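This is what each chain is made of:
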Amino acid sequence: QVQVVESGGGLVQAGGSLRLSCVASGTIFRINAMGWYRQAPGKQRELVAVISSDGSTNYADSVKGRFTISRDNARNTVYLQMNTLKPEDTAVYYCNTNGRMDGDRIFSVWGQGTLVTASS
């Protein structure tokens, strides 16, 4: 089995910064993409940022220039540095990772979510 655990959410004033972390653990052979998604109240879950195994990244237009995704392959960890937070960034942020486990089984796992609140 593979699990991911997020941390780093919290309450911050608009204009502030937070850093989210997500650690994957279990019988992992290879991790492909690692990404962050968010879901605000009454809205659908949306992609925030994703980073592939070769380090290429993709961001939602709404966070470009403010958020930075990075990963530490040795630690099976992905980070999301969030700067210049806006009230509209308030949401539950979820980590997702996919890849292959030992035995060549494919996995795609979601974390439990961490709440980010940017107050105006």
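These numbers were taken from a predicted model, which means no experiment stands behind them. (Residues numbered from 1 in each chain as written. Predicted model: local features only at pLDDT ≥ 70, side-chain atom pairs only at ≥ 80, totals over all residues. Heavy atoms only, no water.)

(A) Region of the structure containing the pairing of strand 7 (residues 67-72). Side chains of strand 7 alternate between two faces, with F67, I69 and R71 buried and T68, S70 and D72 left unburied. Taken together, the six bridges between strand 7 and strand 8 (residues 77-82) define a ladder with antiparallel strand orientation. In the sheet register, T68 faces strand 8, and the bridge partner there is Q81. (Buried < 20%, exposed > 50% of the residue type's maximum accessible area, 1.4 Å probe, protein only. Helix = DSSP H or I, 4+ residues; strand = E, 2+ residues; numbered from the N terminus. Pairing = 2+ DSSP bridges.)

(B) Fine view of the sheet that holds strand 3 (residues 18-26). Strands sit in the order 1-3-8-7 across an open sheet of four strands; the sheet is antiparallel. Two strands close off the open sheet at either side, each with one partner strand: strand 1 (2-7) and strand 7. Each adjacent strand pair in this sheet contributes to an overall mean axis angle of 15 degrees, direction not counted. With six bridges connecting them, strand 1 and strand 3 associate as antiparallel partners. Directly across from E6, in strand 3, lies its bridge partner C22. (Axes fitted to C-alpha atoms, helices over the stretch in contact; angles between N-to-C directions.)

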